[in-house]
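This is what each chain is made of:
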Amino acid sequence: MQPRPILTTQPDLIKTTTISSPQKAELFFDIKRNSLDDGPGIRSVVFFKGCPLSCTWCQNPESIATKHELSFNVGKCINCNDCVSVCPEQAISKDVEGRIDRDKCTLCYKCVEVCPSGALEIVGRKTEIDDLAAEVVQDQPFFEESGGGVTVSGGEAMMQMETVSALFIRLKEKGVHTLIQTAGLFKYRIFEKKVLPYTDAIFFDIKLMNSEMHKEHCGVPNEVILNNYQKIQKVALESDLELLPRVPLIPGITDTNQNLIEIANFLELHQASKIQILPYNPIWLDKLPKFGGKPRLDIGEQTRTFMPQEEIDRCSSIFESRGIEVICH
């Protein structure tokens, strides 16, 4: 396989497309450094806000909205009531479920300014691209030693392709490995031009093959997602781009034999050699109350339990029987 020519036969491209004036990044809500779970080696992970899907099991509910949000962590609250006294809308009260009346709250964040414990936080921040790039490459010696780099995730980072493109251009100037975690719903024509040339690897989620079920559980049909996967897989087969399909295993929804067999058929048809499975875990449930959210997923007793090993083995065997290597997160 040949390296993609845009990064090899046109060495001046990155220099000529670098933006010299300060450019604001769109909203992101976290940077996780020294990660070992978001791609090869040691990585810095930028989590962007905003997602076009609305999966009932979303692991990062703070990532769905494309705007700033107010988070309240009851475990940090010291009951000083400073927030109650300063709120102009009287939206904070112990008598309200979750302490905050989200219908009254105008997101003025005066409560955050006076909170001494950090129980109240603003989720989502902007910065200049150069500053964001500088922050994520602080561990570049560890990247180089471990074969790591920078991963963008979310939410859906491809909702902010201009930002990701500008960030990746700066990272490639420094020789940093770049990786995208995506749910696959984006405009490929723009992606192909803006982001793909500066991307080394893509982790691509395939959740449900039945489009009606995908719409029911993820809020949108899946035709664009599957078409995007096919296009990227074609590039990967002809270049050095690494593409890894991933399946989140949700009991009774995505982990059924029928769905996994259909995914295996799809991957086999498009010459995929490996897949990553993401066993269900209930940690996301603890995040919802911080944003006034309530669970939309009810799969019985399994809703609040980790997936047992025997179920993980069953799901793995479906792909392994087709000769597809299984990586378990």
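Residues numbered from 1 in each chain as written. Predicted model: local features only at pLDDT ≥ 70, side-chain atom pairs only at ≥ 80, totals over all residues. Heavy atoms only, no water.

Caption draft 1: Examining the packing of aromatic side chains more closely. Across all of its chains, the model carries 5 aromatic pairs by this definition. Plain terms: the ring middles of F186 and F191 are 4.7 Å apart, the flat faces sit at 35° to each other, and that makes the pair tilted. Overall, the relative accessible area of 7% leaves F186 in the buried class. Centroid distance F204 to Y229: 5.4 Å. Interplanar angle 75°. Geometry classified as edge-to-face. Residue F204 is found in strand β7 (residues 201–205), and its partner Y229 is found in helix α9 (residues 223–237); the two are separated by 25 residues along the sequence. You can call F204 buried: its relative accessible area is 0%. Ring pairing ties together the aromatic residues F186, Y188 and F191, which thus form one cluster. (Phe/Tyr/Trp six-rings, centres within 6.5 Å; stacked < 30°, edge-to-face > 60°. Buried < 20%, exposed > 50% of the residue type's maximum accessible area, 1.4 Å probe, protein only. Helix = DSSP H or I, 4+ residues; strand = E, 2+ residues; numbered from the N terminus.)

Caption draft 2: View of the pattern of salt bridges. Tallying each qualifying case throughout the model produces 14 salt bridges. Salt-bridge contacts for D205 lead to R246; the nearest nitrogen and oxygen are separated by 2.9 Å. With D205 in strand β7 and R246 in strand β8 (residues 242–249), this residue pair connects regions lying 41 residues apart in the sequence. Assigned by exposure class, D205 and R246 land together as buried. Each of D205, K207 and R246 takes part in a single network of salt bridges with overlapping partners. (Salt bridge = Lys/Arg side-chain N within 4 Å of Asp/Glu carboxyl O.)

Caption draft 3: Here's a closer look at the packing of helix α10 (residues 257–269) against helix α11 (residues 309–320). Interaxial distance between α10 and α11 falls to 9 Å at its minimum, and their mutual angle equals 30°. One finds that α10 runs roughly parallel with respect to α11. With respect to the hand of their crossing, α10 and α11 are arranged in right-handed fashion. On α11, the residues touching N257, L260, I261, I263, A264 and L267 of α10 are R314, C315, I318 and F319. (Axes fitted to C-alpha atoms, helices over the stretch in contact; angles between N-to-C directions. Parallel < 35°, antiparallel > 145°, perpendicular 65-115°, else oblique. Left-handed = near helix turned anticlockwise from the far one by under 90°. Contact = heavy atoms within 4.5 Å.)

Caption draft 4: Expanded view of the nonpolar core. By size, the foremost hydrophobic cluster in this structure holds 71 residues, and its most contacted members are F191, L267 and F319. The contact partners of L267, leaving out residues within four places of it in the chain, are I206, Y229, P245, A272, I275, F319 and I324. With 13 residues, the next largest nonpolar core counts C83, C87, C115 and A119 among its residues. (Core = buried A, V, L, I, M, F, W, Y, C linked by side-chain atoms within 4.5 Å.)

Caption draft 5: Spatial organisation of helix α8 (residues 211–218). Of the residues making up α8, those classed as buried are S211, H214, H217 and C218. Across the axial projection of α8, the buried residues extend over an arc of 135°, all falling on one side. Turned more than 90 degrees away from the buried face of α8 sit E212 and E216, all of them exposed. On its buried face, α8 is in contact with α9. Where α8 begins, the capping side chain belongs to N210, and its oxygen is found 3.0 Å from the backbone nitrogen of E212. Downstream of α8 by one or two residues, G219 has phi in the positive range, about 90°. (Arc of directions from axis to C-beta. Polar contact = N/O pair within 3.5 Å; in protein donor to acceptor, adjacent residues only side chain to side chain.)

Caption draft 6: Here's a closer look at the side chain of S316. As for its placement among the helices and strands, S316 is situated in helix α11. A distance of 2.9 Å separates the side chain of S316 from the backbone oxygen of I312, its partner in a polar contact. Setting aside residues up to four positions removed in sequence, S316 forms contacts with I277 and V326.

Caption draft 7: Expanded view of the environment of G118. Among the structural elements, G118 can be located in the loop between α3 (110–114) and β4 (120–123). Of the residues examined, G118 reaches a relative accessible area of 23% and is grouped as partly exposed. Here the alpha-carbon distance between G118 and C77, two residues 41 residues apart in the chain, equals 7.8 Å.

Caption draft 8: Spotlight on the pairing of strand β10 (residues 325–328). The sheet contact formed by strand β9 (residues 274–279) and β10 spans 4 bridges and is parallel. Note on β10: the bridge partner recorded for K274 is E325. Regarding the hand of the β-α-β motif, the stretch spanning β9, α11 and β10 is right-handed. (Pairing = 2+ DSSP bridges. Right-handed = clockwise from strand over helix to strand, strands pointing away.)

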